[in-house]
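Remarks on the overall topology
Residues per chain, in single letters:
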Amino acid sequence: MRGREREWRHVDGLLRVLRRRGGTLLVDGEPGAGKSRLLGEAAAAASARGIAVVRSGVAELGELVPCGVLLEALELGAEPDDAAPVGSGTRLLDRLKTAFHARAPVLAVLDDLHRADPATLKTLHTLHGLLAGQPVGWLLSRSTAVRAGPAAALFDLLERHGAARTTLAPLSPDAATALAADTLGERPDAATQALVATAGGNPLLIIELLAGLRDEGLLGTAGPGAPLPARLRAVVRSWIDPLSAEARSLVETAGVLGGSLSLQHAASLLGTTPAGLLPAMEESTAAGVLVVTAHGLAFRHELVGDVVAAWVPPPVRQALHEQFGVIEETACPAAAGPAVAAMESAIAAGRLREAERVVRRRLADHGTVPGMAELRSLLSEIMYLSGRGEEAVREAETVLAVPGLPQHVRDRAILVRLYAVTRQRSGGAAAAYASEVVEERSRHGPAATAAALIALATAAREEGRFADALALAEDAGRLKEGDRYEVRLTMAAILTDVRRLDEARAMLRQARKEMFAGGHLAWAADASALEARTELAAGRLDSAAGEAERALDLAGALDMPVTATVARSVAETAPGTRTGTVAGTVAGTVLAAVALRRGDLREAARQVAEPPEGSLESRTRNALLTAQITEARDGPHSAMTLLAGLSSPLALAMEPTAAPWLVRVALGAGDRSAAESAAAAAEAISRANTGFPVLAASAAHVRGLLDGDRDALALAAGQAVDTWARASAEEDLGVALEKAGQREEAAGSLDRALAGYVETGSVRDAARIRQRLRGMGVRHRHWNSAKRPDSGWDSLTETEHTVSLLVVDGWTNRQIAEQMFISVHTVTFHLRQVYRKLSINSRVELARLAVAQGRVDPGRAREGRRG
């Protein structure tokens, strides 16, 4: 499956845990994105692993009977009682539960649920809850062409309760080219590649286009005015024909006129008003055919517009062009042309290279001064989104130096300048200019004023003034017209800082819903990166890692280096020019933090191998994680040498768990002055933000560590908002109680710490607690009795799996013992078990097998052997 590696990792993760417990993966995507193909491959993979599969999909016309998709999947016949209201005691639910139990472990693969009856979806939700904890997996799909409705509500509800979710983004240009080569059996020529690019990364459109060209003998004829294959026209017809007559007329009019069509022009052409056009516009955008840009309507996929235009009879096309020409002559001369709107549409969809090529080509034509300024403002936005912040600032300042600009052009340049300076440097660097814009807000549009408020909010956040930051961001949200992505993402980041995680998730859900509904995917990677951080704060490591990978893959798929080059270079998964965007660094540091908590120090170090350039936040996050990894591997003295250049106030403001760690490390290195400095900074932040319990808990924690104050540590444990922070405070309290000779109380506190670390999947922390408890004469059974195969990778316990990866990394048994807080003898025992289960006899064989079966990448194994 070309370009779907990220989504497949989600599927693989679900199948890995299915023998032990249940799990749910929700798959969204536009028509033709490949949802059914992904589900089919997943079903085949599950069967190959010995997992039972029940599979069905809702037909295009819907279900013949309520719950038909479930009954068909389980091969159950409908009964009269099936129509009874849904409830835990109905016969239908009993039949469904029994059928699932009889097949467990089982994967339920249900496709096209946007077509399902509401009763089916309600039953599915109830059944999902009743089977929670059982070895039942759910792989569910829906189309995002249906923007709202019961299926969308069900997916949101399941996601809020812990289900993983992945959205099939458009294929990257490289993946689209590879898919084209697969379809044709050879690399397409330049003209065909250009035609493929108009499909916007939609796999179905690409396959039907190329297969049709091949089958109909049209290969080599690609170009303007060339005929398009019948099978492609049939697919587009299947998307357009279900629309109402009014929506079809709107789509066909937009197709004939090309580029982008303003609502005023469309209304005039169709004999109605802009208000009267709204239902047809909403219907066509909800179906994923059109998207709304700043200046009107454009096709989500240029190729679809070409197909639609081709089927409109020539006389009708001519009449529309003539009518449009009359309207254009009487329209306001300041109205933006279709070309600018088309470029805006490409930018919003994340097709940055395509948009930049068009902009530069038009700049080379040397048009009017206002026209050139508008093109340069678009170029500055492209540069900002593609991670070239300093270039974006220079381009925006060039635009702003032109007198007499239209307000929308000036506002775009102001917006880019503010956002680029804020992200590339810091909020403080943009604060003075932002204040000027806010003070003169009557001269600017709401978008520019909102950007200024966001810059001020970022500056307040960096200074640890969270209440002010939230208030400024909320003011921006009230002002902003159109998309609110930057506003919502900024608010989500602040809410995550102060551990108001439910509000942060709600903000991200809303941002994503608006992005995908409007086809504005340029911020999708940033949203996933922030959600990764939110999931990490909640202690959900699998979900955090999945979202971080999703951020990286979305950036690549959408051709957006703003996140891709930073995050991928931080994660060392692809080369590229490095920039310092916050989202990319968030994704990289989340992956590092997950690896650190799981005890995989080599992988953690790989994720932060090179310090990012750009904003102070980017550098601070990377420096903090690097120091934490160094402390885990080499001890506090080594970590202290890395902390000299760290901006402690910023680190403490954006990561409340950093303060106790800094104090603990400084004390461990014998540097009480540094410990006192970090504690004072944390307490100052808490005093300035009295409404945030997480900051009060952090301040109590550092004071307890600094003074050995058991009451303060107990207060920190009681006030801690997230599970990992509570476990950390309980651990420090347990250590303090043991030193005071209160062994029974110490054991109780350490037990609570252990439970918290286990709950959050923090393997390394849990191992450290078990070692301390063993030293106190307390032993805990820490393995589970989950069913596993007798041999193969899936037969390994979690401990055996960790040992095997460290061996592949080149660690000695003694090094492994030190990192896992167990004895060398225990490591040797686990390694013998690994050899037996994998039918191998040496470390070299283990490394080869790990690479061959895709458990580690080849580079990691090579580095391990060198180490």
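That block above? That's the structure.
These figures come from a predicted structure and were not determined experimentally. (Residues numbered from 1 in each chain as written. Predicted model: local features only at pLDDT ≥ 70, side-chain atom pairs only at ≥ 80, totals over all residues. Heavy atoms only, no water.)

**Here we look at the packing of helix α7 (residues 173-184) against helix α9 (residues 203-215)**
Packed helices, taken two at a time, are described by the angle between their axes plus the distance between the axes. Put simply, the rule reads: Between N-to-C directions, angles cover 0 to 180 degrees, with each direction set by a line fitted to C-alpha atoms, over the stretch in contact for helices. Going along the chain from the N terminus, every DSSP run of H or I of four or more residues is numbered as a helix, and every run of E of two or more is numbered as a strand. Note: crossing handedness is left-handed where the near helix turns anticlockwise from the far helix by less than a right angle, and right-handed where it turns clockwise. Whether two residues touch is decided by their heavy atoms; if any such pair falls within 4.5 Å, the residues are in contact.
Viewed as axis vectors pointing N to C, α7 and α9 meet at an angle of 35 degrees, and their least axial separation amounts to 10 Å. As for how α7 packs across α9, the hand of that crossing is right-handed. In this structure, α7 contributes A176, L179, A180, T183 and L184 to the contact, and α9 contributes P203, I206, I207, L210, A211 and R214.

**A word on the pattern of salt bridges**
Defined as follows: The salt bridge criterion pairs a side-chain nitrogen of Lys or Arg with a carboxyl oxygen of Asp or Glu, the two atoms within 4 Å. Burial classes: relative accessible area under 20% of the type maximum marks a residue as buried, over 50% as exposed, and values in between as partly exposed (1.4 Å probe, protein chains only).
Evaluated as defined, the whole model comprises 48 salt bridges. Of the charged contacts, one joins R16 and D12 as a salt bridge, the two residues approaching to 2.7 Å between their closest N and O atoms. With a gap of 4 residues between them, R16 and D12 both fall in helix α1 (residues 5-17), about one helical turn apart. Take R16: its relative accessible area is 32%, and that puts it in the partly exposed class. Across the salt bridge formed by E655 and R499, the nearest N and O atoms sit 2.7 Å from each other. With E655 in the loop between α33 (648-654) and α34 (658-668) and R499 in the loop between α24 (485-497) and α25 (501-518), this residue pair connects regions lying 156 residues apart in the sequence. With respect to burial, E655 and R499 carry one shared label: buried. Counted as one network, the salt bridges with shared partners bring together D28, R142, D156, E159 and R165.

**A look at the sheet that holds strand β4 (residues 136-143)**
Inclusion rule: DSSP-based pairing: two strands are paired if at least 2 bridges between them are found.
One open sheet holds the 5 strands; their spatial order is β2-β3-β4-β1-β5, and the pairing between them is parallel. Taken across any chain shown, the strands that pair with only one partner, and hence form the sheet edges, are β2 (52-57) and β5 (164-168). Pairwise comparison of adjacent strand axes, ignoring direction, gives a mean angle of 15 degrees for this sheet. In the sheet, strand β1 (residues 23-29) pairs with β5 via 5 bridges, with the strands oriented parallel. Within β5, the position partnered with L26 by the bridge is R165.

**A few points about unusual backbone geometry**
Of note, the bond from A104 into P105 is cis; its omega dihedral lies within 30 degrees of zero at -5 degrees. Residue position: P105 is located in the loop between α4 (91-103) and β3 (106-111). Of note, R499 is a non-glycine position whose phi angle comes to about 60 degrees, a positive value. The backbone of S839 shows a phi angle near 55 degrees, a positive value even though the residue is not glycine. Of note, S839 is situated in the loop between α43 (824-838) and α44 (843-852). S839 gets classed as exposed once you look at its relative accessible area, which sits at 64%.

**Brief notes about the pairing of β4**
Applicable threshold: Clockwise travel from the first strand over the helix to the second, with the strands pointing away from the viewer, marks a crossover as right-handed.
Counting buried residues in β4 gives 8 out of 8 residues, a clear majority hidden from the surface. The alternating pattern of β4 places V136, W138, L140 and R142 and G137, L139, S141 and S143 on opposite faces, both of which are buried. As paired strands, β1 and β4 are joined by 7 bridges and run parallel to one another. Counted as the bridge partner of G29 is S143 from β4. In this fold, the crossover linking β3 to β4 by way of helix α5 (residues 118-130) has right-handed handedness.

**Quick notes on the environment of V340**
Summarising the element assignment, V340 is placed in helix α16 (residues 338-348). Since its relative accessible area comes to 13%, V340 is described here as buried. For the pair V340 and V359, spaced 19 residues apart in the sequence, the C-alpha separation amounts to 8.8 Å.

**A closer look at helix α8 (residues 190-197)**
Applicable threshold: What the arc describes is the spread of directions from the helix axis to the C-beta atoms.
Among all positions in α8, only T192, L195 and V196 are buried. Each buried residue of α8 lies within a common arc of 100 degrees when the element is viewed along its axis, so the set occupies one face. For α8, the secondary structure elements touched by its buried residues are α7, α9 and α14 (302-311).

**Structural notes on the packing of α8 against α9**
Orientation of α8 relative to α9, taken along the N-to-C sense of each, is 145 degrees, at an axis distance of 10 Å. The handedness of the crossing between α8 and α9 is right-handed. Touching T192, L195 and V196 of α8 are I206, L209, L210 and L213, all from α9.

**Considering the environment of A529**
With respect to the helices, strands and loops of the structure, A529 is situated in helix α26 (residues 524-537). Separated by 18 residues in sequence, A529 and E547 place their C-alpha atoms 6.4 Å apart.

**Some remarks on the nonpolar core**
Note the threshold: Residues belong to a common nonpolar core when they are buried Ala, Val, Leu, Ile, Met, Phe, Trp, Tyr or Cys residues joined through side-chain atoms within 4.5 Å.
Membership of the largest hydrophobic core comes to 118 residues, with the highest contact counts inside it found for V359, Y384, F466 and V663. Among the elements that make up this core, the one with the highest residue count is helix α22 (residues 446-462) (11 residues).

**Structural notes on the packing of aromatic side chains**
For clarity, the threshold we go by: Two aromatic rings from Phe, Tyr or Trp, using only the six-membered ring of Trp, form a pair when their centres are within 6.5 Å; if the ring planes differ by under 30 degrees the pair is stacked, by over 60 it is edge-to-face, and anything between is tilted. In this scheme, Lys NZ or Arg CZ marks a charge over a ring once it lies within 6 Å of the ring centre and within 35 degrees of the ring normal.
Per the stated rule, a full pass over the model turns up 4 aromatic pairs. Judged by centre distance (5.1 Å) and plane angle (50 degrees), the rings of F100 and W138 are tilted. Taken as a pair, F100 in helix α4 and W138 in strand β4 lie far apart in primary sequence, 38 residues in all. Here F100 matches W138 in class, with each residue buried. Geometrically, the ring pair formed by W724 and Y757 is tilted, given 6.1 Å between the ring centres and 55 degrees between the ring planes. Of this pair, W724 sits in helix α38 (residues 723-739) while Y757 sits in helix α39 (residues 743-759), and the two are 33 residues apart along the sequence. Look at Y757 and you get buried, because its relative accessible area is 1%. Against the face of F155 rests R142, its NZ or CZ located 5.8 Å from the ring centre. The ring of W311 carries R237 above its face, with NZ or CZ at 3.8 Å from the centroid.

**Section: the environment of L846**
Structurally, the position occupied by L846 is in helix α44. Separated by 38 residues in sequence, L846 and V808 place their C-alpha atoms 6.8 Å apart. Beyond its immediate stretch of four places on either side in the chain, L846 contacts W793, S804, V807, V808, L831, V834, L838 and I840.

**Here's the deal with helix α31 (residues 616-634)**
Heads up, the condition is: For a helix, the expected span equals 1.5 Å multiplied by the number of residues minus one.
For α31, built from 19 residues, the straight-helix expectation of 27 Å at 1.5 Å per residue is met to within 8% by its first-to-last C-alpha distance of 26 Å. The set of residues buried in α31 consists of E617, S618, T620, R621, N622, L624, L625, A627, Q628, I629, T630 and A632. Taken from the residues just after α31, G635 is the one with a positive phi, measuring 100 degrees.

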